Amino acid sequence: QVQLVESGGGLVQAGGSLRLSCAASGRTFSSYVMAWFRQAPGKEREFVATITQSGGSTYYTDSVKGRFSISRDNAKNTVYLQMNSLKPEDTAVYYCAGGSQYTHYSLAYDYWGQGTQVTVSS
């Protein structure tokens, strides 16, 4: 079992930056693929980024490429999402997730955090 707790969300102006963190419990964090998803009001949850167990490979949805960066520190059991050049359309609740498959499909992830709100004002 893995428990995930996100932090770092908040209100920021367009063009600003935020760094989200997701702290995981347990000693098996390094065995999981980790990902970030987001859900805007009235919309379905969508994939944002994923990273392999070692951190050697990452994959992003097109709308965040070049602006967001996912990373992890296995010694700290934490995955990060650095978000730069934020846009109002990035406003959403952001969730971290853990699983065994390197994929953008949400159903493949077994563990989820409670989410952290990111609001970008224009």
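Refer to the structure printed above.
Residues numbered from 1 in each chain as written. Predicted model: local features only at pLDDT ≥ 70, side-chain atom pairs only at ≥ 80, totals over all residues. Heavy atoms only, no water.

Core analysis: the largest hydrophobic core is formed by 29 residues, its most contacted members being Trp36, Val79, Leu81, Met83 and Tyr94. Put simply, the parts of the chain that give this core at least two residues each are strand 3 (18-24), strand 4 (33-39), strand 5 (46-51), strand 7 (68-73), strand 8 (78-83), strand 9 (92-99) and strand 11 (116-121). Top contributing element to this core by residue count: strand 3, with 4 residues. Those residues in contact with Met83 that lie beyond four places of it in its chain are Gly16, Ser17, Leu18, Leu20, Arg67, Phe68, Tyr94 and Val118. Counting 7 residues, the second largest nonpolar core, distinct from the first, contains Val33, Phe37, Ala97 and Tyr109. (Core = buried A, V, L, I, M, F, W, Y, C linked by side-chain atoms within 4.5 Å. Buried < 20%, exposed > 50% of the residue type's maximum accessible area, 1.4 Å probe, protein only. Helix = DSSP H or I, 4+ residues; strand = E, 2+ residues; numbered from the N terminus. Contact = heavy atoms within 4.5 Å.)

Pairing within the open sheet is antiparallel, and its 4 strands lie in the order 1-3-8-7. Each of the sheet's edge strands pairs with one partner strand only, and the pair in question is strand 1 (4-7) and strand 7. On average, each strand axis in the sheet is inclined to that of its neighbour by 15°, with strand direction left out of account. Sheet topology places strand 3 next to strand 8; 6 bridges connect them, and they run antiparallel. (Pairing = 2+ DSSP bridges. Axes fitted to C-alpha atoms, helices over the stretch in contact; angles between N-to-C directions.)

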